[in-house]
Amino acid sequence: LPMTNTHEAPIGVFDSGVGGLSVLGEIRSLLPNESLLYVADCGNVPYGEKTPEFIRQRCAVIADFFQKQGAKALVLACNTATVAGVADLRERYPDWPIVGMEPAVKPAAAATRSGVVGVLATTGTLQSAKFAALLDRFALDVRVITQPCPGLVELIETGDLVSPTISNLLRSYVEPLLAAGCDTIILGCTHYPFLKPLLRQMVPESISLIDTGGAVARQLQRLLTQRELLATGPAQETQFWTSADPEDFRKILPLLWKTSGYVRFFPR
Ligand code: DGL
């Protein structure tokens, strides 16, 4: 298939569910002229508890879909999908600009004063070789406390950002980090930035919360600039696909995405 290589072509962005909307928001504000396509693989969420093989397959299916849609670039708005699948995708599409994301270990190691950094992420991300390599490379001088957070993603998928249930679960994951002396906490899953207001109520003001949505948007901007593929606008309306019930996605969208969008079914 020929790749759409014009500056007005859209950008494909995907996640296991609604989490990547936190990244899509960063892209929208940095690159308002770009037309955006978003696939939420809600029929298979959470990726965090799936095998790398399964996730790689989903990455391939979704990337092929975006190719057919003529996307000029691909963003993996998911840490778990990136550790499992980005290397394969780059091999499969060597000429396609592909942006993945990883927990912000490097900036956190630079920012910490206590020398103790906490990482909230999925089981899949924390168990991956890619994450281990990230620690070896950037975290030799700091102590890193990792905390998998099963259950958080599923609650966020229902639009729950504030209930006592999610609050108690989040607290149980954050308390060990505070007890260990972390002054910097990495939000290593794209769902978690939506919990920032709740997290802020649980941790002292002095604790930094770091995520990489902004850095991903800037990296995308760099790649598009290098290839002279930046859109001049105006952007088309953002299009969404979900592999679960589109009606559920339509209901949750206004909470997590402030402007409108068109939602369709993506075959599971
Ligand atoms: N939002 C994804 C991430 O950044 C994964 C959530 C999931 O477990 O599906 O890791």
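Parameters at a glance
- Residues numbered from 1 in each chain as written.
- Predicted model: local features only at pLDDT ≥ 70, side-chain atom pairs only at ≥ 80, totals over all residues.
- Heavy atoms only, no water.
- 1 Å grid on protein atoms, 1.4 Å probe; cavity = no way out; pocket = protein on both sides within 12 Å on 5 of 7 lines; lining within 4 Å.
- Points joined across faces, edges and corners; volume = space filled by probe spheres on them.
- Helix = DSSP H or I, 4+ residues; strand = E, 2+ residues; numbered from the N terminus.
- Nonpolar A, V, L, I, M, F, W, Y, C, P; charged D, E, K, R; others polar.
- Near = heavy atom within 4 Å.
- Polar contact = N/O pair within 3.5 Å; in protein donor to acceptor, adjacent residues only side chain to side chain.
- Areas by Shrake-Rupley, 256 points an atom, 1.4 Å probe, with all protein chains shown as cover.
- Core = buried A, V, L, I, M, F, W, Y, C linked by side-chain atoms within 4.5 Å.
- Buried < 20%, exposed > 50% of the residue type's maximum accessible area, 1.4 Å probe, protein only.
- Phe/Tyr/Trp six-rings, centres within 6.5 Å; stacked < 30°, edge-to-face > 60°.
- Pairing = 2+ DSSP bridges.

**Observations concerning the layout of surface pockets**
Item 1. Taken as a whole, the largest pocket encloses approximately 420 Å³ of empty space.
Item 2. Those elements giving two or more residues to the lining of the largest pocket turn out to be helix 3 (79–92), helix 4 (105–111), helix 6 (129–138) and helix 10 (213–226).
Item 3. With 4 residues, helix 6 is the single largest residue contributor to the lining of the largest pocket.
Item 4. Of the residues assigned to the lining of the largest pocket, the class counts are 11 nonpolar, 4 polar and 5 charged.

**Thoughts on the site of the ligand**
Item 1. In the vicinity of the ligand there are 14 residues, among which Ser-16, Tyr-47, Gly-48, Thr-80 and Thr-190 approach most closely.
Item 2. Tyr-47 places a polar main-chain atom, nitrogen or oxygen, 2.6 Å from an oxygen atom of the ligand.
Item 3. Separating an oxygen atom of the ligand from a backbone N or O atom of Gly-48 is a distance of 2.7 Å.
Item 4. Against a free-state accessible area of 300 Å², the protein chains account for coverage of 99% of the ligand.
Item 5. Classifying every residue of the shell around the ligand gives 6 nonpolar, 7 polar and 1 charged.

**As for the nonpolar core**
Item 1. Membership of the largest hydrophobic core comes to 56 residues, with the highest contact counts inside it found for Leu-21 and Phe-249.
Item 2. Among the nonpolar cores identified, the runner-up in size contains 23 residues, and Ile-55, Leu-74, Val-86 and Phe-266 belong to it.

**Looking at the packing of aromatic side chains**
Item 1. For the structure shown, the criterion picks out 7 aromatic pairs.
Item 2. A centroid spacing of 5.7 Å and a plane angle of 55 degrees characterise the contact between Phe-65 and Phe-66, whose relative ring orientation is tilted. In this structure, Phe-65 and Phe-66 share a single accessibility class: buried.
Item 3. With 5.0 Å between their ring centres and 70 degrees between their planes, Tyr-93 and Trp-96 make a pair best called edge-to-face.
Item 4. Residue Trp-96 is classed as buried on the basis of its relative accessible area of 3%.
Item 5. Grouping aromatic residues by their ring pairs yields a cluster made of Tyr-38, Phe-240, Phe-249 and Trp-257.

**Regarding the environment of Arg-227**
Item 1. Mapped onto the secondary structure, Arg-227 falls in the loop between helix 10 and strand 9 (239–242).
Item 2. Overall, the relative accessible area of 40% leaves Arg-227 in the partly exposed class.
Item 3. Along the sequence, Arg-227 and Thr-6 sit 221 residues apart, while their C-alpha atoms lie 10.0 Å from each other.
Item 4. Looking at Arg-227, its side chain comes within polar contact range of the main-chain oxygen of Asp-95, at 3.0 Å.

**As for the sheet that holds strand 9**
Item 1. The 6 strands lie next to each other as 4-3-1-2-9-10, forming an open sheet whose pairing is parallel. Across the chains shown, the open sheet's two edge strands, defined by having one partner strand only, are strand 4 (98–99) and strand 10 (262–265).
Item 2. Of the pairings in the sheet, the one linking strand 3 (residues 73–76) to strand 4 comprises 2 bridges and is parallel in character. In the sheet register, Val-75 faces strand 4, and the bridge partner there is Val-99.

Read these as geometric descriptors, not functional statements.
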